[in-house]
Amino acid sequence: MKYSGWPDPGELVVGKVDDITDFGVFVDLEEYEDKRGLCHISEVASGWIKNVRDHVREGQTVVAKVLEVNESSQQIDLSIKDVNEHQRKEKIQEWKNEQKADKWMALAFGEDIADEAYGAIANALLAEFESLYDGFEQAAIHGTEALEGVELDDEEIEAIVDTARQNVSVPFVNVTGYVDLRSPAGDGVDDVKEALKAAEGDGEVADEIELSVTYVGAPEYRIKVKAPDYKTAETELETSVARAREVIEAAGGTAEYHRERSGDDE
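Not measured: the values here are computed from a predicted model. (Residues numbered from 1 in each chain as written. Predicted model: local features only at pLDDT ≥ 70, side-chain atom pairs only at ≥ 80, totals over all residues. Heavy atoms only, no water.)

## Topic: the sheet that holds strand β6 (residues 173–182)
- Spatial ordering of the open sheet is given by β7-β8-β6-β9, a layout of 4 strands whose pairing is antiparallel. Edge strands, defined here as strands with exactly one partner in the open sheet, are β7 (210–217) and β9 (254–258). The mean inter-strand angle of the sheet, taken between neighbouring strand axes irrespective of direction, is 25°.
- Relative to strand β8 (residues 220–227), β6 is paired through 8 bridges, and the arrangement is antiparallel. Bridge assignment links Y178 to a residue of β8, and that residue is R222.
- Its contacts with the sheet place helix α6 (residues 230–250) against β6, β7, β8 and β9, and it is angled at close to 15° to β6. (Pairing = 2+ DSSP bridges. Helix = DSSP H or I, 4+ residues; strand = E, 2+ residues; numbered from the N terminus. Axes fitted to C-alpha atoms, helices over the stretch in contact; angles between N-to-C directions. Contact = heavy atoms within 4.5 Å.)

Spelled out as structure tokens, the structure:
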């Protein structure tokens, strides 16, 4: 998807070097329809420049900062030297992500989707998310729940979620904790089993969460959680322990939670 408007002064844009002259570089803007900018020789690199071609080449993808926009004269002034390496890498990654999202849109709604329909769906996603990529990523992690506030019909939402879950690689984190479960009752083993069942969630754990409870050595059990981010993982870990504690304490037992193993290393 390319924007139909104009970039704003101060914005970072991705472009391809189209023409190199003695006075500067012309850059086709990859993110905007039919927009071309000029990077004056003084804005190509710091210091004195003898030959512009020593710093850029035709066909090269660059990240530039928009200095000034004059819509009446159709002129966009750019600076390549004002973009540091961190900004360049971050912007290139953002651009690549949006290219991926563009392909996902085609997979979800067909290569021949009309521009008007594409724009309506894209705008609905952008009203709720920072980018199309972010919208698809959240759909992959949280499913239809992530798109509840998006003004799209059920079929469109389902298409986005299905495509996202088949194509988006989402980041996950792993956290581990331990709980000691003890019960003084004669049928204490059964009480512990019920507490472990509760710790596992009884089928109530969200789809994007992977949770497992394994035996370490009496009375210690390991709880592992895999989730999209640390906050979610930590919350799920604590909730798992709370479920186990509620069950075992109701049976007269105890639950002791700790982050490191209390026994010998395996």
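## Here's the deal with the packing of aromatic side chains
- For the structure on display, the rule yields 4 aromatic pairs.
- Plain terms: the ring middles of W104 and F136 are 5.6 Å apart, the flat faces sit at 50° to each other, and that makes the pair tilted. Placement of the pair is W104 in helix α1 (residues 85–109) and F136 in helix α3 (residues 132–142), with a sequence separation of 32 residues. Accessibility classification places W104 together with F136 in one group, the buried group.
- An aromatic cluster of at least three residues, connected via ring pairs, comprises W104, Y133 and F136. (Phe/Tyr/Trp six-rings, centres within 6.5 Å; stacked < 30°, edge-to-face > 60°. Buried < 20%, exposed > 50% of the residue type's maximum accessible area, 1.4 Å probe, protein only.)

## Observations regarding the UniProt feature "domain: S1 motif" (unreviewed entry) in the protein chain
- The residues that UniProt annotates with the feature "domain: S1 motif" (unreviewed entry) are residues 10–81.
- The span residues 10–81 is 0% helical and 49% strand by assignment, and the distance between its end C-alpha atoms comes to 13 Å. (UniProt positions renumbered as here; feature names shortened; annotations may be inferred.)

## Quick notes on the pairing of strand β3 (residues 36–40)
- Summarising the sheet, strand β2 (residues 24–29) and β3 pair through 5 bridges and their orientation is antiparallel. Each residue of the ladder has a partner; that of F26, found in β3, is L38.
- Taken together, the 2 bridges between β3 and strand β5 (residues 75–79) define a ladder with parallel strand orientation. Bridge pairing in β5 links L38 to D77.

## Notes on the pairing of β2
- Within β2, 5 of the 6 residues are buried, leaving the element largely enclosed by the surrounding structure.
- Bridge count between strand β1 (residues 12–20) and β2: 5 bridges; the pairing is antiparallel. Within β2, the position partnered with G15 by the bridge is L29.
- Remark: 3 residues form the turn of the hairpin made by β1 and β2, two consecutive strands paired antiparallel.
- What sits between β2 and β3 in their antiparallel hairpin is a turn of 6 residues, with D34 showing a positive phi close to 55°.

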